[in-house]
Amino acid sequence: MPSAGAVVGEVRLRFVLSARPDLVDPLLAALRPELGSDPAARLAALERDEPDHRAALLLVVVGGYYTDKQVRERLGYPGQVAKTIYSWQLPTYIAEGLTDQVLARGPIWRDPATGRRAEPRRP
């Protein structure tokens with residue numbers, strides 16, 4: 001597989017940031033020069049002091065990487081594929097209980113507008 005550095009360039013960045021313009025400011029903050037040029041030190045500083053900026057940086061890189069056509073082809077991932085769903089049939093993944101643990105766990109997403117984690121369900 002190609003490295004992210006070989007794949008994520010201007011075109012991929014524009015694609016990701018056009019879909020997620022809310023990531024522009026945190027990405028710029030994560031890339032500011034005063035954090036130095038050593039990638040490991042930069043990530044460590046961001047993890048320690050600004051985890052939301054680190055998360056934005058990683059999301060942009062990962063998003064750019066996995067939306068690249070050649071990467072998807074090498075993975076054998078065709079992208080999202082439309083599936084026909086019949087309202088009178090229970091989907092197999094539900095009948096098999098594959099979503100039970102996810103539903104029991106509750107929400108764990110992070111609100112992109114505020115950066116805060118979802119609140120746990122209240123009984």
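Model, not experiment: these values are computed from the prediction.

(A) Examining the overall build of the protein chain more closely. A count of helical and extended segments in the protein chain gives eight helices and zero strands. Order of helices (α) and strands (β) in the protein chain, N terminus to C terminus: α-α-α-α-α-α-α-α. Relative to the globule expectation of 14 Å for 123 residues, the C-alpha radius of gyration of the protein chain, 19 Å, shows a markedly less compact shape. Structurally, the protein chain occupies a C-alpha span of about 60 × 40 × 25 Å along its principal axes. A burial count over the protein chain gives 21% of its 123 residues as buried. Within the protein chain, residue pairs in contact and separated by at least 24 positions form 53% of the contacts whose partners lie at least 6 positions apart. Per element, the accessible surface of the protein chain, about 9600 Å² overall, is 58% carbon and sulfur.

(B) Seen up close, the environment of E73. As for its position among the elements, E73 is in helix α6 (residues 69-75). Taking C-alpha positions, E73 is 38 Å from E34, a pair spaced 39 residues apart along the chain.

(C) How the structure looks around the nonpolar core. Counting residues in hydrophobic clusters, the biggest one holds eleven residues: V16, L17, L23, L27, A30, L35, A45, L46, A56, L57 and V60. Breaking this core down by element, the ones donating at least two residues are α2 (10-19), α3 (24-30), α4 (39-49) and α5 (51-66). Residues in contact with L35, not counting those within four places in the same chain, are A29, A30, R42, A45 and L46.

(D) The arrangement of a nonpolar patch on the surface in detail. Taken together, the side chains of M1, V62, Y66, L75 and Y77 make up a nonpolar region of the molecular surface, amounting to roughly 520 Å² of accessible area. Among the secondary structure elements, M1 is positioned in the segment before α1 (4-7).

(E) Representation of the pattern of salt bridges in the model. By the definition in use, this model includes seven salt bridges. Between D22 and R20 there is a salt bridge, and its shortest N-O distance comes to 2.7 Å. Here R20 falls in the partly exposed class, since its relative accessible area comes to 28%. For the salt bridge of E47 with R54, the shortest nitrogen-to-oxygen distance reads 3.1 Å. In this structure R54 comes out as partly exposed when scored by relative accessible area, which is 25%. Salt bridges sharing common partners tie together R32, E34 and E50.

Reading guide: rules and limits
Chains are numbered independently. Their residues run from 1 in the order of the written sequence. Predicted model: local features are reported for residues with pLDDT of at least 70 only, side-chain atom pairs are reported and counted for 80 or more only, and whole-chain, interface and lining totals are derived from all residues. Note that water and hydrogens are dropped before the side-chain values are worked out from all heavy atoms of the structure. A run of H or I in DSSP counts as a helix once it spans at least four residues, and a run of E counts as a strand once it spans at least two, with each numbered from the N terminus. In this setup the radius of gyration rests on C-alpha atoms only. A globule is expected at 2.2 Å times the number of residues raised to 0.38. The buried label goes to any residue with under 20% of its type's maximum accessible area, the exposed label to any with over 50%, and the partly exposed label to all in between, with areas taken from a 1.4 Å probe on protein chains only. Only heavy atoms matter for contacts: two residues are in contact if any of them lie within 4.5 Å across the pair. Using a 1.4 Å probe, the Shrake-Rupley method yields the accessible areas, and only the shown protein chains count as cover for residues. The set of buried Ala, Val, Leu, Ile, Met, Phe, Trp, Tyr and Cys residues whose side-chain atoms join them within 4.5 Å is what this entry labels a nonpolar core. Two distance rules govern patches: like charges are joined within 9 Å, and nonpolar side chains (Val, Leu, Ile, Met, Phe, Trp, Tyr) within 5 Å, applied only to residues with over 30% relative accessible area and no salt bridge. Each salt bridge in this description consists of a side-chain nitrogen of Lys or Arg and a carboxyl oxygen of Asp or Glu lying within 4 Å of one another.

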